[in-house]
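# Inside the fold
The chain contents come next:
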Amino acid sequence: MAEVADPRSAATAVAGRAPVPRRPHRAPAPGPHPAPGSAPAARGVPRWVWSLPPVVVLALVFLYPLALVVRQSLTPENGGGAFDAYSAVFASTAFREALGTTVWLAVGATVGCLVLGFALALVIAFVPFPGARAVSRFIDVFLSFPSFLVTLALLFIYGTVGMANGIWTDALGVADGPFHFLATPWGVLLAEITYFTPFVMRPLLAAFSQLDTAQLEVASSLGAGPARIVRRVILPEALPALAAGGSLVLVMCLNEFGIVLFTGAKDVTTLPMLVYGKAILESDYAAACVVAVVNIAISVGLFGLYRVVGKRAGA
C-alpha cells in the first residue's frame, strides 16, 4: 500500500529544500502559572513584603501623630476622666461660636464658588474670545498657588493702607479710606471665594468639553434662548461636576487656616484658629486636641461624601 506523503514535505521538496522535522508538542508543566500580562514576582519574596515600606512610612508620618492627638484628648495632663476634656470644650461658648463660624463661612464660600465658578466656566467654554485657552490653562496654574498669596494680594488692594484706600484719600484729601472689610467675616468670605473658585471651574470645564455641541445647536434652532439652553441643556450635564467641585471646596474651607490668619480678622475664630489659640497661646493641649479631633471627624465625613459624589460624577 502506497504511503501518503505529507503535503508540507512535498511542498518543501518541490522548492528544493530538505523537509523540516516537526517538533513534538509538550504539555505544560503542572503547577500554578502567572496570569497573562502580570510581572513575575521575585523568587522567594512574598508580595505582601513589598507593601510594608509604604505602610510603615504612612504609620510613622500620619497615623502615629493622629493617635497621639486622640490620646492627648482622652488623657488630659491635669487628670480627670477620659471625656472630661470633651465635656468642657463642648460646653464652652468659644467652641460653639467657632463651630458656627466655621460652618457658615464654609457653606457661604461654597455657594459663592459654585455660582461664580459656573458663570466663569460658561464664559470660557461657550463664549469665544481671544485668550480663552490661555485663561483655561492659567486656572490650572492657579490651583497650585498657596492660599496666603491671594490674601496678600487682597490686602495690597483693599487693606487699611492698600491701593483702594490710598486712591480714595489722595483724591478726596481725607485721612482715612472706606475699605476696612478685610478684617471682618465678609473679608474672609471674599478671600475664600477668590481662592477656591478655580477648584469648581476645573471639573466644570472638563464636563463642558465633553458636552455634545449638537444639543446646543438643536435647542437654538428650535427657538430656545441662551438662558433656556443653560437651564435645560447645560445645567443638567454640569450637576455632577458642580457636586464634586462643591464638596471639595466645602472640605477645604472647613480646614482653611492661612486665609483667616493673614486677613488679620481677630474677631473671626474658626476651628483651625481655635486649635492654634488653645495650643500656642493658652498651652491647653487637651482642649486643642479635642477641637482637632472634632475638626478631623467633620473633614473625614465630608471627604467620604466628596469621594462618593466624585465617583458618581466620574471625576
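Everything below is about the structure printed above this text.
Rules used throughout
- Residues numbered from 1 in each chain as written.
- Predicted model: local features only at pLDDT ≥ 70, side-chain atom pairs only at ≥ 80, totals over all residues.
- Heavy atoms only, no water.
- Helix = DSSP H or I, 4+ residues; strand = E, 2+ residues; numbered from the N terminus.
- Areas by Shrake-Rupley, 256 points an atom, 1.4 Å probe, with all protein chains shown as cover.
- Buried < 20%, exposed > 50% of the residue type's maximum accessible area, 1.4 Å probe, protein only.
- Lys, Arg positive; Asp, Glu negative; His and termini not counted.
- Salt bridge = Lys/Arg side-chain N within 4 Å of Asp/Glu carboxyl O.
- Contact = heavy atoms within 4.5 Å.
- Core = buried A, V, L, I, M, F, W, Y, C linked by side-chain atoms within 4.5 Å.
- Axes fitted to C-alpha atoms, helices over the stretch in contact; angles between N-to-C directions.
- Parallel < 35°, antiparallel > 145°, perpendicular 65-115°, else oblique.
- Nonpolar A, V, L, I, M, F, W, Y, C, P; charged D, E, K, R; others polar.
- Patch = residues over 30% accessible without salt bridge, like charges linked within 9 Å, V, L, I, M, F, W, Y side chains within 5 Å.
- Disulfide = S-S within 2.5 Å.
- Arc of directions from axis to C-beta.
- Left-handed = near helix turned anticlockwise from the far one by under 90°.

Right, let's get into the overall build of the chain. Counting its secondary structure elements, the chain contains 13 helices and zero strands. Mapped from its N terminus to its C terminus, the chain presents α and β elements in the order α-α-α-α-α-α-α-α-α-α-α-α-α. Carbon and sulfur atoms make up 68% of the accessible area of the chain, which totals about 20,200 Å².

Here we come to the side chain of Glu 192. When you line up the elements, Glu 192 lands in helix α8 (residues 185-209). An unpaired buried charge is present at Glu 192: no salt bridge exists, and Lys 266, the closest side chain of opposite charge, is 19 Å distant. Aside from chain neighbours lying at most four places away, what touches Glu 192 is Leu 105, Ala 109, Cys 113, Cys 253, Glu 256 and Ile 259.

Right, let's get into the pattern of salt bridges. As enumerated under the stated definition, the model contains one salt bridge in all. Lys 278 is paired through a salt bridge with Glu 282; the nearest N and O atoms lie 3.4 Å apart.

Judged by nonpolar contacts, the single largest core of 45 residues is most densely connected at Phe 196, Leu 204 and Phe 208. Broken down by secondary-structure element, the contributors of at least two residues to this core are α4 (93-126), α5 (132-142), α6 (147-158), α8, α9 (213-221), α10 (226-254) and α11 (258-263). Here the element with the most residues in this core is α8; it accounts for twelve residues. Once residues lying within four places of it in the same chain are set aside, the contact partners of Phe 196 are Cys 113, Val 249, Met 252, Cys 253, Glu 256 and Ile 259.

A word on the packing of helix α3 (residues 84-91) against α4. Contact geometry of α3 with α4 gives a least axis separation of 5 Å together with a crossing angle of 65°. Between α3 and α4, the crossing angle belongs to the class labelled roughly perpendicular. Contact residues: Val 89, Phe 90 and Ala 91 in α3; Thr 93, Phe 95 and Arg 96 in α4. Among the residues making up the contact of α3 with α4, the classes are represented as four nonpolar, one polar and one charged.

Glancing now at the environment of Ile 296. Tracing the backbone shows Ile 296 in helix α13 (residues 285-313). Ile 296 sits in the partly exposed class, given a relative accessible area of 35%. The sequence separation of Ile 296 and Leu 66 amounts to 230 residues, and the corresponding C-alpha distance is 9.6 Å.

A few words now on a nonpolar patch on the surface. There is a patch of nonpolar side chains on the surface, built from Trp 48, Leu 52, Val 56, Val 57, Leu 58, Leu 60, Val 61, Phe 62 and Leu 63 and spanning about 930 Å² of accessible area. Tracing the backbone through its elements, the reader meets Leu 58 in helix α2 (residues 52-74). Leu 58 gets classed as partly exposed once you look at its relative accessible area, which sits at 49%.

According to the stated counting rule, one finds zero disulfides in the structure shown. Residue Cys 253 stays outside any disulfide, its sulfur separated by 5.9 Å from that of Cys 113, the closest cysteine.

Let us look at α3. Here α3 has its buried residues at Ala 85, Tyr 86 and Val 89. Each buried residue of α3 lies within a common arc of 100° when the element is viewed along its axis, so the set occupies one face. Within α3, the exposed residues directed more than 90 degrees away from the buried face are Ala 88 and Ala 91.

Okay, the packing of α6 against α8 next. As a packed pair, α6 and α8 sit with axes 10 Å apart at the nearest point and diverge in direction by 130°. On the basis of the axis angle, α6 is oblique to α8. Between α6 and α8 lies a crossing of right-handed hand. Every residue of α8 that contacts α6 at Ser 147, Val 150, Thr 151 and Leu 154 is listed here: Ala 191, Thr 194 and Tyr 195. For the contact of α6 with α8, the per-class residue count stands at four nonpolar, three polar and no charged.

This next bit is on the environment of Val 89. Counting through the fold element by element, Val 89 comes out in helix α3. Exposure remark for Val 89: the relative accessible area of 7% places this residue in the buried category. Discounting residues that sit within four places of it in the chain, Val 89 has contacts with Phe 95, Ala 287, Val 290 and Val 291.

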